Each structure stands twice: as structure tokens, then as C-alpha cells.
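What follows is each chain in one-letter form.
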Amino acid sequence: MSGLPPFEGRFPSDGVITSQVGDVLDLTFYAERKGIVDSPAAALEDLDIFGDAAGGELSRLNAARFNVAARQLWLLGYFRDKPRKNISPQKQETARFRQVVKQFQREAGLTVDGWIGVETWHALQALVSFETKTDRSRWLTPAGDPTTALQRALSLRMWAFGLIDSKPKPTFKPVPEDDMQQVGNLLHELTQQHDTHWQDLLMGDEVILAAILAQLESQDGTMDHPALRRLIVNTAKIELWLLGLNVEINGEDDYPVNNFTNKTRRVKRNGRYIYVNVKSRAFETALTAYWHNILGEDEDAAKSKSQMLTAEFFDSLLHPEEYTHDEKETVTDEDYSQQVTAYFESRGDTNSAIDAAFSTIKKIGMKIWDGIKRLWRWLKRGVQKIVNLAENMTRGFFRFATKGFHILKTSLKTMWAALRQYSRGRLDATDAVHVAIKKDGDFQVLISTDARREEVVATQSAITRFSRAFYFSCRLIGLVINLLKAAVSGAVGWARFLLTLVKHYRTLVPIYRQLQQYA
Amino acid sequence: MGLRNALSALNNAVDDLTSLHVQTFTGNIAFDHDTQNYDDIRQLIQQAQTNADVVLVAESLYKFDGDSYNFLANAESGIPASALELHKAAIEGGIKTRQGLMELVKDVFDS
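Residues numbered from 1 in each chain as written. Chains lettered and ligands numbered in written order. Predicted model: local features only at pLDDT ≥ 70, side-chain atom pairs only at ≥ 80, totals over all residues. Heavy atoms only, no water.

(A) Region of the structure containing the overall build of chain B. Scanning chain B from terminus to terminus reveals 4 helices and 3 strands. In chain B, the succession of α and β elements from N to C terminus is α-β-α-β-β-α-α. Put simply, chain B has 111 residues, and 48% of those count as buried. If you take every contact in chain B between residues at least 6 apart in sequence, the share linking residues at least 24 apart comes to 59%. With the model as given, the accessible surface of chain B reaches about 5600 Å², and the carbon-plus-sulfur share is 45%. (Helix = DSSP H or I, 4+ residues; strand = E, 2+ residues; numbered from the N terminus. Buried < 20%, exposed > 50% of the residue type's maximum accessible area, 1.4 Å probe, protein only. Contact = heavy atoms within 4.5 Å. Areas by Shrake-Rupley, 256 points an atom, 1.4 Å probe, with all protein chains shown as cover.)

Pasting the structure below:
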């Protein structure tokens, strides 16, 4: 048999495999429990892979995700008060919080258990995130009506874009039909996509942005329609927020557009009350930062451009490569992981840099999961400037750490599933073919004489899946073990663990893609 | 069983990976699939309610020091092609499983 080097001796009986893989397992468990890596609360069955070490703790969301989920539930109107920053993840175990989660799960047609696991987490992303693709049909009742959760999400989106005045409240009332009709008409008029349901236009990614650009390019730049102007202002704020700039999404028309705003407030000047235009300093600052820090305009030009919301601004959001002053060089995800690693390794004390980055991640909050697609689109279009922003580099680091962690955890789970099969001593593919797995990994097969061809083929597939899933999971885990050994001498801290996952992401990915075929 | 315990069980059970032994049988036996425990087809055959016409149709034994042994039954009707394909898949599966374990202990073997 070719391709198989001879074994020098017998299978090592000193427990070296258990020890090495066990160390990786402990790191994985620790990173997930501490909330260092980004993952939804483990499903209860995930606890089995860690055995007694888990102690039930993995069922809790990590701190960063809990803060995001709590904020998303508030945005959807399930909480009256905005959650404090960095609330303790222990709050998710309180009766009150679980009651709220159950209400969301009921209204969204999910399994009602009061825990934010994978299903509930992804549901929140689909309904709240600007960049997550949302299939509206997924959130309809059997009768074809929108679920209450979808209605809340639509209200939230309409508010964020400035199309209605308030976000959803705890005692939720659907937006009146007349108001919905007006929104629908506006969106159809703006996008000219009359065959698409206006709610799909609303929940789509960059649909409204592209339509606004077309509208501004076809007009002379003035916007007399108040509802349209408010939509344009808030679309701009959303896009800047997604790029990581410090601007608040509030649905308000609080910025002069073409030197006109209809938002005023009453102030006392010289003993008299007058109405003055409201200007959002944060918005102006974010616009300046956009032109100067990201697109490379000099300070005066950036300040000047921040005074207007023009077709040029929206065009730059959609086609940044035409506005940046950087050298054009597209990067792949895997190459970017190297740039991120180099950034952190250049900080001197890498562990402290990663520690500081983790603190930043907790502050960034919802932006951990929103804006990532735009960031990557900009990178692939050759806009390098954005990667120099420390916050985006931090987000990049944790993105790759998360993806690398997910690869590792999938490998551990796949190995575990294969070992469980091995411990049972047999593969159950069909009733007509029986496969025994002997303790030394030998196989015995019994084929019934009346076995159909498809049953035999199914058994072949089962054997192939079992053995290749095990092989690729061993390859990945063995690789990580070797990389961790090479990274440091002595104990491996969680920071080095994450850095290893990020640095060698592009080595892990091709093997993972092969594993995915069989896992 | 957690992963660590599963690996310990593997560690305790596996004794010799220096050879690969695959056997393929055909025949008809009747047994209760859900309750039957077996880790050996021969044991399964013995425990079955009926074991008419169970024959060994293919057997391969590979020792990694170079020796190998292959047996194919010489039945008049011929060995079913599907049995041979499955036998081959089991050999490949056995190799892949061993290669996986090697990936985990490469450093041990190299040192």
C-alpha cells in the first residue's frame, strides 16, 4: 500500500494523545467559558464533549454576545430600558431575562426554552443586523402573516431609517396600515423595484443605499421631500456606524442636508425663545473622519465634504476603491489574517495588546457582528486605509480568532463523534449491511444476500465519512497542537492560543474545507 | 462520554496499529438490530437466530513491515461486485483511521 509510512512501533500507550488533545480541549473550553471567543451559548448537547469539566457552565452566553443580545432585545422592544453597558452575563439566568427571551422565542416561532442558544442567536441577527441576509418568508405564520417578531423587526428598521417616529415598545402595536402604505410607496418610488415587496427592500442590504445614490445623481442635489431627506440622513448614519465610526442610529433628521434641516429645538437667547436648527456634532465628526481617516482626504477637504450629503458621498460608500488614495491591492481573507497578526505582533507585549483588544471588543458591542461584511468588501476592493483603524483591526482579529476557534471546535466535535462510533464498535448505515469496528481499527463487514445496491453504497459512504471525518479532524487538531508548541515555550495562555488561530488561519482553512465534506 | 474519556478509552483499547485486517462476509442472519450488541461479526453470527449461508468472501491483512495477505472466495457465481467495492472501502477506511491517529502522534514517532 503506497502512501503509508511504516510505524516504528506500537501505538503509544503512555496517554500522549489524550494528554495533547486534552490540553487543546481545555484551552477551547476555557476560551469559550471566559467569553474570549465569540460563540453563541453552547447547545446543551455540546456539554457532553467536555464531559465532567463542563459542569453546566457552557450553557451561558459569553459576555460580549450577551451584551449584544440584550441590546437587540431592547431594540426590538422587549425591554423598556436600554441595557447598561457591560451588564453581567449572569443576568441571562435571571427569571426576568429568561421570560423576555421566551416571549421573543414565542413571537418568532422558535423553540421556547428561555436560552439564547444557536437558533435564538441567529434569529436575533437575522431580524436586527443590517448585514445579515433575512428571508422574510422564514418569519411568517402558517397563515402567511408576519410573526410578531418580524413586525417588531420591521418597525425597528423603519425607525432606524427615519421612516417612522419611534422604535418598538414592550406593549407592541403594529405600525398603522396607512403609515406602512406610505413607507411602501416611498420605497417603491425610490428604488423603482415595484415587483419586490417593500418589506424586502427595507430588510435588504445596500438596496436603499444604491437607490439613494441613483436618486441624488438624477436630481440637482436638493431634497424637498421631508420623508426622503430623513431617509437619506439616516441611511448615511447607518453606513457610517457599520464602518465602525462613532455615530448614533436614532432615526432623527438631525443634520443639515444641503444646508437645510427641518429639525429645530427651542432655546432661550437674549431673554427670548427662538428655534434653532439641531445639528449632530457626532454625525459631523463621523463624516469628517470618514473622508479624512478612511478615504484619505486632507483635513480641510474632509471638513468641507462633511457639510453636505451628496451623491459623491453615497457613491464612495458603494465604490470606495474609486475614492481612496491608497495603492490598489486586493486581499483575500486568509492574507488579511496575516496583516492582522502582524499588527498585533508589532505592539510589543502581544498578550497585553490582545487583552486591550478584548476590552475594546466589549465596548464596540453590536459592531462586532455588524459591519464586518462591509469591512471585508472594502478590503477586497483594495481599500487598505480602513485596516489602519485600530478598532477595525481589533474586529478583524476577533473575527479570525472566532473563525479559527470554530474550525478547531468543529474538529474536536467531529473527532468525538467518530470516537463514540468507535466505542460502539459498529457503524449503523443500513439494516442489510453490518459493519463492526474492531478495537485496533480493523473492519468486519457482513452483507445480506438480499441487500440492495443502494444499501451497499450507503454503507460505503458511511465508512468513508467516518474514517475521513476522523482523519481530517485529527489533522487539524494535530496541526494546532504543533503550532501551539511552536508558539511558546511553557504554558500557553489564551492570548497566544487566539494569536495562533489567527496567524495560521490560512493553513487551517483548506483542511477544514475537506473536513466539512465529511463532518 | 466526554472527548477526553473517549480518547482514554481509545488509548486503552488500541494495542496494535502495525497491521490492518479487513474481513467481508455475505449471508443472511436474523437478529434484533436495536438490541444486539456486537463488536465482532463472528460473534454476531453466533448470536443470530439463524445464520444460514454466511461465508467469508474477502479478507485482507496488511502488515506495515511489508507482508500482506489477500483472500477472495472462489464461488461459482462470482463474488458480488458490491461486496468487493465495500471491502475496498473498508480497507481505505482502515488506512485513513490509522493515518488520522498518526497525525496526532507525529512528533512522538519522529523523536
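(B) Unusual backbone geometry, seen in detail. Phi at Gln192(A) is positive, roughly 60°, even though this residue is not glycine. Tracing the sequence through the fold places Gln192(A) in the loop between α7 (177–191) and α8 (198–203).

(C) A look at the sheet that holds strand β4 (residues 433–437) of chain A. The sheet built from 6 strands is open, its strands ordered β3(A)-β4(A)-β5(A)-β1(B)-β2(B)-β3(B) with mixed pairing. Single-partner strands in this sheet number two, and they are β3 (426–427) of chain A together with β3 (68–72) of chain B. In this sheet, strand β1 (residues 19–27) of chain B lies alongside strand β5 (residues 443–448) of chain A in parallel orientation, the contact comprising 6 bridges. Each residue of the ladder has a partner; that of Leu446(A), found in β1(B), is Phe25(B). Against the sheet, helix α3 (residues 81–104) of chain B contacts β4 and β5 of chain A together with β1, β2 (55–63) and β3 of chain B, and its axis sits at roughly 155° relative to β1(B). (Pairing = 2+ DSSP bridges. Axes fitted to C-alpha atoms, helices over the stretch in contact; angles between N-to-C directions.)

(D) Layout of the packing of helix α17 (residues 390–424) of chain A against helix α20 (residues 505–516) of chain A. Residue and element names in this part refer to chain A. Following both chains from N to C, one finds α17 and α20 inclined at 40°, their axes separated by 10 Å at the closest point. Classed by the angle they form, the pair α17 and α20 counts as oblique. Relative to α20, the crossing made by α17 is left-handed. Facing Phe400, Lys403, Gly404, His406, Ile407, Thr410, Ser411 and Thr414 of α17, the residues of α20 in contact are Tyr505, Leu508, Val509, Tyr512 and Leu515. For the contact of α17 with α20, the class distribution of residues is 7 nonpolar, 5 polar and 1 charged. (Parallel < 35°, antiparallel > 145°, perpendicular 65-115°, else oblique. Left-handed = near helix turned anticlockwise from the far one by under 90°. Nonpolar A, V, L, I, M, F, W, Y, C, P; charged D, E, K, R; others polar.)

(E) Structural view of the nonpolar core. In terms of nonpolar packing, the biggest core is built from 86 residues, with Val21(A), Phe344(A), Phe397(A), Met415(A) and Leu3(B) touching the most fellow members. In terms of residue count, the dominant contributor to this core is helix α18 (residues 453–487) of chain A (15 residues). Apart from residues no more than four positions distant in its own chain, Met415(A) is found in contact with Val21(A), Phe470(A), Ser473(A), Cys474(A), Ile477(A), Leu3(B), Leu7(B) and Leu104(B). Tyr78(A), Trp121(A), Ala302(A) and Leu317(A) belong to the second-largest nonpolar core, a separate cluster that totals 84 residues. (Core = buried A, V, L, I, M, F, W, Y, C linked by side-chain atoms within 4.5 Å.)

(F) Representation of the pairing of β5(A) within the structure. All names here are of chain A. When you tally the buried positions in β5, you get 6 out of 6 residues, the bulk of the element. Neither face of β5 is left uncovered, since the one carrying Phe443, Val445 and Ile447 and the one carrying Gln444, Leu446 and Ser448 both have all their residues buried. Judged from the 5 bridges that link them, β4 and β5 form a sheet pairing that is antiparallel. Considered in β5, the bridge of valine 433 is made with isoleucine 447. In this antiparallel pair of consecutive strands, β4 and β5, the connection spans 5 residues, and glycine 441 shows a positive phi of 80°.

(G) Seen up close, the confidence of the model for chain A. Residues and elements named next belong to chain A. When pLDDT is averaged along chain A, the result is 80, and 80% of the positions lie at 70 or above. Mean pLDDT in chain A bottoms out at helix α2 (residues 47–50), which sits at 63, and peaks at helix α6 (residues 148–160), which reaches 95. Contacts of residues 1–11 to residues separated by more than four positions or lying in other chains number 26 contacts, the stretch itself having pLDDT below 50. (pLDDT = per-residue confidence, 0-100.)

(H) Layout of the confidence of the model for chain B. Residue and element names in this part refer to chain B. Averaged over every residue, the pLDDT of chain B is 75; the share at 70 or more is 68%. The spread of mean pLDDT over the elements of chain B runs between helix α4 (residues 106–110), the lowest at 53, and β1, the highest at 88. Across the interface, the model reports ipTM at 0.86; the global pTM reads 0.70.

(I) Broad picture of the pairing of β3(B). In the sheet, β2(B) pairs with β3(B) via 5 bridges, with the strands oriented antiparallel. What sits directly across from Ala58(B), in β3(B), is Leu72(B).

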